[in-house]
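Each chain is listed here by its residues.
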Amino acid sequence: MGDIMKKTILTGLKPTGSLTLGNYIGSISQMVKMQDEYKSYLFVADMHAITVPNDREELHKNIKEFIALYLACGIDPTKNVIYLQSDVEYIPAISWLLECNTYYGELSRMIQFKEKSKKNANFSVGLLTYPVLMATDILAVDADYVPVGIDQKQHVELTRDIAIRFNNKYGDTFKIPEPLVTEVGTKIMDLVDPSKKMSKTEENPKGVIGLLDDISVARKKIMSATTDSEMCVKYDPENKPGISNLINIYASLTGETIIDVEEKFKNSNYGEFKRSIADVVCNFLEKIQERYNEIVDSEELEELLKNGASEVRELAKVKFEMMKKSIGLYR
Ligand code: LTN
């Protein structure tokens, strides 16, 4: 199918914390599957990362690390336009024009804003206007669909409202995007506390397998994962959350079904079961890390980001000029 026929999707990654096995199984692997079907834009939302207090060194390190890991996990640079948000100077320019067409009331009602502004009395104005910058990301490239988790759905709905309002006031300028609350991949839980999701910003590293973890460290984490006092490998998320989580990890990485996995380990004790999982996880990590190390500091990655930024800059420039004209900002 030619690119012309394809619908466009846009995915933004906030470069905070470090990517985990849970991110791979739950999200990155799904994106790898979708990249054939859509024209995809994939960018690092670094300007979104500074709406809350952040560490300069970590931010800088994460920018390339995230892109290189996505590529190592199978994101194909020939099928995705990959770029860094802050490389496209028209993005904040468009965002200002949209901010002036967005109500304070709308932004102050956003759930994420309400939650995050509660945590720190001295929150930035950027935390409030965050969704307008996100709307800009989406509207600048005329995205048809925006794959998001449920927490970001409200922001895409606001994006639609902003776009519709702008179109009504100034004439057809933006395509109206739709949130794509995707059939999420398996949700991987924390290894220490399997009642909560494996998180890229978790404080206790023992429950989390980082995609860049040392292989031996990852193995230890799997071997000491929380299980239960029974001795049978059976899928029962309610009563056996730890074991069920390990079954999910094994099944996701090998492509086997849950039933296959139960059958395979029905005579194994937990130690044997964990050793097999550790082998699968460590093989996977080794493969990813090998590719990661080849690309993270490569000229290839540099080129890719440069080309991605120029492609999106062209699109955003056209929108910006069009908006300025409609608004009356011209000589
Ligand atoms: N807010 C998103 C990151 C993000 C994004 C976007 C996602 C910024 N701009 C545009 C989709 C489309 C997050 O916190 N994950």
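The rules behind each value
Throughout, residues of each chain are indexed from 1 in the direction in which the sequence is written. The predicted nature of this model means local features are confined to residues of pLDDT at least 70 and side-chain atom pairs, given and counted, to a pLDDT of 80 or more, with totals for whole chains, interfaces and linings taken over all residues. Only heavy atoms go into the side-chain values, all of them from the structure, while hydrogens and water stay out. Helix numbers and strand numbers start at the N terminus; a helix is a DSSP run of H or I with at least 4 residues, a strand a run of E with at least 2. Should any heavy atoms of two residues lie within 4.5 Å, those residues are considered in contact. Summary of the distance rule: residues count as near a molecule or strand when at least one heavy atom falls within 4 Å of that molecule or strand. Here a polar contact is taken to be a pair of N or O atoms separated by no more than 3.5 Å, where protein atoms must pair a possible hydrogen donor with a possible acceptor and residues adjacent in sequence count only if both atoms sit in side chains. The Shrake-Rupley method, run with a 1.4 Å probe, gives the accessible areas here. Residue values count only the displayed protein chains as cover. Put simply, Ala, Val, Leu, Ile, Met, Phe, Trp, Tyr, Cys and Pro go in the nonpolar bin, Asp, Glu, Lys and Arg in the charged bin, and everything else, Gly too, in the polar bin. Two cysteine sulfur atoms make up a disulfide if the distance between them is within 2.5 Å. The cut-offs for exposure are 20% and 50% of the maximum accessible area for each residue type, with area from a 1.4 Å probe on protein chains only; residues under the lower value are buried, those over the upper are exposed, and the others partly exposed. By convention, a stacked pair of Phe, Tyr or Trp rings (six-membered ring in the case of Trp) has centres within 6.5 Å and planes under 30 degrees apart, an edge-to-face pair has planes over 60 apart, and any other such pair is tilted. Two conditions define a charge located above a ring, namely a distance within 6 Å from the ring centre to NZ of Lys or CZ of Arg, and an angle within 35 degrees of the ring normal. Every angle, taken between N-to-C directions, lies between 0 and 180 degrees, and every axis is a line fitted to C-alpha atoms, over only the stretch in contact when it is a helix. Here the word oblique covers every angle except those under 35 degrees (roughly parallel), over 145 (roughly antiparallel) and from 65 to 115 (roughly perpendicular). One side-chain nitrogen of Lys or Arg within 4 Å of one carboxyl oxygen of Asp or Glu is enough to make a salt bridge. Only when DSSP finds a minimum of two bridges between them are two strands counted as paired. To estimate the expected span of a helix, count its residues, drop one, and scale the result by 1.5 Å. Think of it this way: the bend at a residue is just the angle between two axes, each fitted to seven residues, one set ending at that residue and the other starting at it.

For E300, the position within the fold is in helix α13 (residues 299-327). Residue contacts for E300: discarding those within four places in its chain leaves R291 and I295.

Take the site of the ligand next. Taken together, the residues surrounding the ligand are L10, G12, K14, F43, A45, H48, Y130, M134, D137, I138, V146 and Q152. The side chain of Y130 places a nitrogen or oxygen atom 2.7 Å from a nitrogen atom of the ligand. Residue D137 places a side-chain N or O atom 2.7 Å away from a nitrogen atom belonging to the ligand. Relative to its unbound accessible surface of 370 Å², the ligand loses 88% to contact with the protein. Elements that contribute at least two residues to the shell around the ligand include exactly β1 (8-13) and α7 (125-140). By residue class, the composition of the shell around the ligand is seven nonpolar, three polar and two charged.

Enumeration according to the criterion identifies zero disulfides in this entry. Free of any disulfide, C73 has its nearest cysteine sulfur in C282, 15 Å distant. C73 gets classed as buried once you look at its relative accessible area, which sits at 8%. We classify C282 as buried; its relative accessible area is 3%.

Throughout the structure, instances matching the rule amount to nine aromatic pairs. Judged by centre distance (4.6 Å) and plane angle (45°), the ring pair of Y24 and F284 falls under tilted. Of this pair, Y24 sits in helix α1 (residues 21-34) while F284 is found in helix α12 (residues 270-295), placing the two residues 260 residues apart along the sequence. Here Y24 and F284 have matching classes, each one buried. Both rings, one in F166 and one in F174, keep their centres 5.3 Å apart while their planes meet at 55°; by these two values the pair is tilted. Exposure remark for F166: the relative accessible area of 1% places this residue in the buried category. Since its relative accessible area comes to 5%, F174 is described here as buried. Across the ring face of Y330, the terminal group of K325 is positioned such that the distance to the ring centre comes to 5.2 Å.

Interhelical geometry of helix α3 (residues 56-72) versus α13 gives an angle of 100° and a closest axis separation of 12 Å. Taken as axis vectors, α3 and α13 run roughly perpendicular relative to one another. Contacts between α3 and α13 pair K64, I67, A68 and L71 from the former with L301, E302, L304 and L305 from the latter. Here the residues of the contact of α3 with α13 are counted per class, giving six nonpolar, no polar and two charged.

So, on to the pattern of salt bridges. Overall, the coordinates contain 22 salt bridges when judged by the stated rule. We note a salt bridge from E256 to K264, for which the minimum N-O separation is 2.8 Å. For E256, a relative accessible area of 24% translates into the label partly exposed. Residue classification places K264 among the partly exposed residues on the basis of a relative accessible area of 43%. Between K306 and E303 there is a salt bridge, and its shortest N-O distance comes to 3.6 Å. Residue K306 and its partner E303 are located together in helix α13, separated by three residues, close to a single helical turn. When salt bridges that share partners are traced, they join D36, D76 and K79 into one network.

Attention now moves to the pairing of strand β2 (residues 39-44). Counting buried residues in β2 gives five out of six residues, a clear majority hidden from the surface. Here β2 pairs with strand β3 (residues 80-84) via five bridges, running parallel. Bridge pairing in β3 places S40 opposite N80.

With that out of the way, let us pick up the environment of E178. Tracing the chain through its elements places E178 in strand β5 (residues 178-180). For the pair E178 and I9, spaced 169 residues apart in the sequence, the C-alpha separation amounts to 9.5 Å.

Structurally, S268 is set in the loop between α11 (258-264) and α12. Other than its neighbours up to four places away in sequence, S268 contacts V233 and F273.

Helix length check: α3, at 17 residues, gives a terminal C-alpha distance of 25 Å against a target of 24 Å (1.5 Å per residue), a fit within 8%. At N62, α3 shows its maximal kink, close to 30°. Downstream of α3 by a residue or two, G74 has a phi angle that is positive, lying close to 115°.

The analysis is restricted to geometry; functional conclusions fall outside its scope.
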